[in-house]
Amino acid sequence: MPRGDGRLSHDLDPQRPGPQDACGVFGVWAPGEEVAKLTYFGLYALQHRGQEAAGIAVSDGSGVVVYKDLGLVAQVFDEPTLASLRGYLAIGHTRYSTTGGSTWENAQPTIRATPAGTTIALAHNGNLVNTAQLARDAAAHGVESDGATSDTPLVTALLASRPDLSVEAAALEVLPTLRGAFSFVFMDETTLYAARDAHGVRPLVLGRMERGWVVASESAALDIVGASFVREVEPGELIAIDEHGLRSARFAVPEPKGCLFEYVYIARPDTAIAGRNIYAARVEIGRRLAKEHPVEADLVIPVPESGTPAAIGYAEGSGITYGAGLMKNPYVGRTFIQPSQTLRQLGIRLKLNPLRDNVRGKRVVVVDDSIVRGNTQRAIVRMLREAGALEVHVRISSPPVTWPCFYGIDFATRAELLANGLDVEGIRRSIGADTLGYVSLAGLIAATEQPKTRLCRACFDGEYPIELPAGNLIGKHVLEGVDKRVATPAADQYEAGAERSGSGNQPLVASPGGGDALHRP
């Protein structure tokens, strides 16, 4: 069983979660540096992108070690663990599952030994849409399964299945066969690799250190480890970094379609994407929201923390005073404790509490980032009225979310999306607000300073830039329904399926001698 962290659940009801973040990836090649600790700090900066599991792979040139477990970065790693992960090359991952369940087997980085004696470790941000077909093709060609149910170990296995090719050459063969969103960092004993899908849906950036290189999901992670931003990894680009320096190759023609929801919610405010500071973009969204949906009111308040920049922008654009109206409990986070019915009934009150003296007797504008099912906004409106607010006007810094995402964000199914079944007036009545206004899609796009043609807007307009497979061959648990049972050598199983004692977070070690020998020490 995974360890709880003593905190209350972020969503309180795990059967009805809000939009969940994409994963975070980090990689560093830096001889003479404590790469495991650098990776730890990089993952800490990316914790907002995934809270289910964390892991680090490290190499000293002779072998690759992976240490991973379910939980937050600070839960999985401590000082003795990091001190034991020695080397000059490392990758790391913090996970929210968008393919496969939240199990230890699906934690990343994944690791695979090749028949030629090289070991590959890989971490993935994004989601493939042709996973089921890849799994069947792999099984048909004798690529062995390791029992995991996410797309990441499948990619790792495909990279390791070409014994006559170098890892770099294998990647240039495998990457063009993948369809969907992916930002990969991966490694062998001596080289750090980074790759981004042809559409560049999920972000990935390159940074420079005095004695090495860093790749990360967000530029904020570069800042944390003291690396300077160089550039984004280009869509359709494979980067390799080793003792000979950095080299780049193209495996696909770039067709940029960056995720628009990164600007709304996922990315940290201190991150920049495509040259645009996220905080500045969110403030501008708020200004546009004020122009598109003005209202007479006394106070603008955010839903902390994701609504704060847009609320500041709304106050600036409207001339209405900005202030605090809701306080967030800083200890509300991930938990493995199942909430009781009593806790579900308390709901959002465990996470947010109104500042009664600030809102009593006032007409309040409350700014949030999005409405998925409406549970949060419904509870907030009710709390503010009970605290004495005369009017509650809800403003949302994204358009209505009417379509699910298949590229790395785990939204609700379309049937559960409130905006799929109701118009704006119907949603307003559902959440109990006096008025409701969403920023327009055009206004949101303008705030990003990116052309509409370079953005993936699928969750808002249903235009999916990457073709989706027909039928049920897509979804979070797609591999759990694909029959790909093949014989797996005992050396590859590394106790797969065996009962684990304690926390189960012992490292996986690839034998320096190569072969298939993956085992727990």
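The preceding data block contains the structure.
The shown structure was predicted, so the numbers you read here are calculated from the model rather than taken from an experiment. Residues take numbers from 1 onward in each chain, read along the sequence in its written order. Restriction of local features to residues with pLDDT of at least 70 applies here, the model being predicted, together with a cutoff of 80 or more for giving and counting side-chain atom pairs; totals for whole chains, interfaces and linings are based on all residues. Side-chain figures throughout are based on the complete set of non-hydrogen atoms in the structure, without hydrogens or water.

Trainee: I tried to follow the sheet that holds strand E13 (residues 245–250) on my own but got confused; where do I start?
Mentor: For sheets, the rule is that strands pair by backbone hydrogen bonds, running either parallel or antiparallel. Here six strands make up an open sheet; going across it, the order is E5-E6-E7-E8-E12-E13 and the pairing antiparallel. Strands at the two margins of the open sheet, each flanked by one partner only, are strand E5 (110–113) and E13. Ignoring strand direction, the axes of neighbouring strands in this sheet form an average angle of 20°. With six bridges joining them, strand E12 (residues 237–242) and E13 adopt antiparallel strand pairing. Each bridged residue has a counterpart across the sheet, and for Asp242 the counterpart in E13 is Gly245. Across the sheet, helix H5 (residues 151–159) is in contact with E5, strand E6 (119–128) and strand E7 (180–187); its angle to E6 comes to roughly 135°. A pair of strands is treated as paired once DSSP finds two or more bridges between them. Runs of H or I in DSSP of at least four residues are treated as helices and runs of E of at least two as strands, each being numbered from the N terminus. A fitted line through C-alpha atoms serves as each axis, taken over the contacting stretch for helices, and the angle formed by two N-to-C directions is quoted from 0 to 180°. Only heavy atoms enter the contact rule, under which two residues are in contact if any of them lie within 4.5 Å.

Trainee: Would you mind showing me how to read the sheet that holds strand E22 (residues 435–438) here?
Mentor: One open sheet accounts for four strands, arranged E17-E20-E21-E22; its pairing is parallel. Where the open sheet ends on each side, the last strands, each with one partner, are strand E17 (299–302) and E22. Mean inter-strand twist for the sheet, computed between neighbouring axes without regard to direction, equals 20°. Strand contacts of helix H13 (residues 375–386): E17, strand E20 (363–368) and strand E21 (391–396), with the helix running at about 150° to E21, the strand carrying the most contacts.

Trainee: In this structure, what is going on with the nonpolar core? I would like to understand it.
Mentor: A general feature of soluble globular proteins is that nonpolar side chains tend to end up buried together. The biggest cluster of nonpolar side chains holds 43 residues, and the ones touching the most others in it are Phe261, Val300, Tyr314 and Tyr407. Sorting the residues of this core by element identifies helix H8 (261–266), helix H9 (278–292), helix H10 (308–318), E20, helix H16 (441–448), strand E23 (455–456) and helix H17 (458–461) as the ones contributing at least two each. By residue number, the principal contributor to this core is H9, which donates five residues. Among buried residues, the Ala, Val, Leu, Ile, Met, Phe, Trp, Tyr and Cys ones that are joined through side-chain atoms within 4.5 Å form a nonpolar core. The buried label goes to any residue with under 20% of its type's maximum accessible area, the exposed label to any with over 50%, and the partly exposed label to all in between, with areas taken from a 1.4 Å probe on protein chains only. Core analysis: the next-biggest nonpolar cluster, separate from the first, contains 28 residues, Val28, Ala36, Val76 and Leu85 among them.

Trainee: Would you mind going over the layout of surface pockets with me for this structure?
Mentor: Empty space among the atoms becomes visible once a probe the size of a water molecule is rolled across them. Computed over the protein atoms alone on a 1 Å grid, cavities are sets of points where a 1.4 Å probe fits but cannot get out and pockets are open sets with protein on both sides within 12 Å along at least five of seven lines; a residue lines them when it has an atom within 4 Å of a point. Grid points are joined across faces, edges and corners, and a volume is the space filled by probe spheres set on the points. Of the voids in this model, the second largest pocket is the one considered here, and its volume is about 230 Å³. Where the lining of the second largest pocket is concerned, the elements lending two or more residues are strand E14 (258–259) and H8.

Trainee: Whenever I open this one, the environment of Ile120 confuses me. Can you help?
Mentor: With respect to the helices and strands, the residue Ile120 is situated in strand E6. Judged by its relative accessible area of 0%, Ile120 is buried. Taking the C-alpha atoms as reference points, Ile120 and Val167, separated by 47 residues in sequence, lie 8.0 Å from one another. Apart from residues lying up to four places away in sequence, Ile120 is in contact with Thr110, Ile111, Arg112, Thr114, Thr156, Leu159, Ala160, Val167 and Met187.

Trainee: What am I meant to see in the state of the cysteines here?
Mentor: The bond known as a disulfide is covalent and runs between the sulfur atoms of two cysteines. Any cysteine sulfur atom paired with another within 2.5 Å is treated as part of a disulfide. Scanning the model with the defined rule gives zero disulfides in all. Distance from the sulfur of Cys259, which forms no disulfide, to the nearest cysteine sulfur (Cys405) is 6.1 Å. Residue classification places Cys259 among the buried positions, given a relative accessible area of 8%. Free cysteine Cys459: the closest other cysteine sulfur is in Cys259, separated by 6.4 Å.

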